[in-house]
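Observations on the model geometry
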Amino acid sequence: MSYVDMSTSALETLKAALEAEYASHCAKGLSLNMARGKPGCDQLALSLPMLDELTSSSDLIAEDGTDCRNYGVMDGIAEAKSLMGEVMEHDPTNVCVFGNSSLNIMFDLVTAGYTHGYLGSTPWCKLPKVKWLCPVPGYDRHFGITESSGIEMIPISMNENGPDMDEIERLVAEDDSIKGIWCVPQYANPTGITYSDETVHRLAEMPCAASDFRIFWDNAYCVHHLYDDEREHVADIAAACEEAGNPNRYFKFASTSKVTLPGAGIAAVAASAENIAEIKARVGVQTVGYDKMNQLRHVRFLKDATGVDALMKKHAAIIRPKFELVARMLEEGLDNEGIATWTNPVGGYFVSFDGLEGTAKRTVELAKKAGVTMTGAGATWPYKQDPRDTNIRIAPTLPPLSELQQAMEVFVCCVKLAAVEVLLAK
């Protein structure tokens, strides 16, 4: 019998049992962290040999003769552009490789829209209102960028094919203050879904009231497959926009943050020739050059897309059992209770979990008191305001398997207890 079908007396009995179980978890003095999608120590160890690629005796000259120790080359050394172009399926001529964070590039591009506008369009700072489309549940750091600029964020529901395209098409056709959309198109954060070909082409083709509308295409997980025989692939937004006659509509992003070393990776943006020319002109004022030594180190370690793929298979072997553990424990603990649903991704870094309405904050609060830190409830929505208080992002990658099992035992107990509390309060 599911929880929602139980009598009040049965729920009260269940609550007492769950409170006793919860107290036993609290007594363990746990200190476990599942708040963010960080690679575990064993994953980071995979890329430590990269640090030995360059030494004081190494040849530090790039293929075109650039001395990587010196100033210059604002858009990345040619071999790094080629590597990231392969990963992003983009002509390396129209790729820029910068520092370690693609989020930094996204922030700069949103800021550029505000201060200068895109390709001669009116800077957003001169407009009465600027809005942005935010598929939900989505990536909290994306939402933080637009919120920090005072941009009004509009939630767009997600389905198995990507964001609700009917709603998107209606909104962008009638409102020229809508200037962009956040997209994580492959193994989306946190749902793990991959946009369908139809969704990609509709985004590229849709009429927009704003001529400077931009798709921020964060393909952060394009190489993060959990299963070699279940690889998903997203259609190329660049080719779709080109075919639709909207070649400047997109910015593509990728990085090696969860491929090599998150604090010392390389990040890239790919776009149309016109957009890239504008980006390069701005970067020429902004800096005297990014870390070309790190770019060279990455190229010599990874070599090409085949090398990236080989490394990512090693990552998958480490984190796949963690995702399978989460799926098994959720199924064993909650599958027949009628109080939760969750995703079972085949790639990416997260599991999206939905409890009963009004339980997410309480679940996270209970887990915290028991020594398990989760991503904050509401983080997957703009302004951290989940209107139904249901969604929680589960990040399984950082803890070792033994700690992850403990954390999930606590989490399942907290989900049940929060659900019973809500049902008894009705």
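Everything that follows concerns the structure shown earlier in this document.
These numbers come from a predicted model, not from an experiment. (Residues numbered from 1 in each chain as written. Predicted model: local features only at pLDDT ≥ 70, side-chain atom pairs only at ≥ 80, totals over all residues. Heavy atoms only, no water.)

Comments concerning the sheet that holds strand E9 (residues 267-270)
- Strand order in this open sheet of 8 strands is E2-E9-E8-E7-E6-E3-E4-E5, and the pairing throughout is mixed. Looking at strand neighbours, the two that pair on one side only are strand E2 (95-97) and strand E5 (162-163), the edges of this open sheet.
- Sheet topology note: the strand E3 (residues 131-136)/strand E4 (residues 152-159) ladder contains 6 bridges and is parallel. Paired with Pro 135 across the strands is Ile 156, a residue of E4.
- Strands in contact with helix H3 (residues 78-88) are E2, strand E8 (250-255) and E9; relative to E2, the strand with the most contacts, it is inclined by about 120°. (Pairing = 2+ DSSP bridges. Helix = DSSP H or I, 4+ residues; strand = E, 2+ residues; numbered from the N terminus. Contact = heavy atoms within 4.5 Å. Axes fitted to C-alpha atoms, helices over the stretch in contact; angles between N-to-C directions.)

With respect to the nonpolar core
- Residues Leu 203, Leu 330, Phe 353 and Ile 394 are the most contacted members of the largest nonpolar core, which totals 84 residues.
- Here this core gets 14 residues from one element, more than from any other, and that element is helix H13 (residues 401-425).
- Other than its neighbours up to four places away in sequence, Leu 330 contacts Asp 335, Trp 342, Phe 353, Ile 394, Met 408, Phe 411 and Val 412. (Core = buried A, V, L, I, M, F, W, Y, C linked by side-chain atoms within 4.5 Å. Buried < 20%, exposed > 50% of the residue type's maximum accessible area, 1.4 Å probe, protein only.)

Quick look at the environment of Asp 197
- As for its position among the elements, Asp 197 is in helix H7 (residues 197-205).
- In this structure Asp 197 comes out as partly exposed when scored by relative accessible area, which is 46%.
- Taking the C-alpha atoms as reference points, Asp 197 and Gly 162, 35 residues apart in sequence, are found 9.8 Å from one another.

Interpretation in functional terms is not warranted from these geometric data alone.
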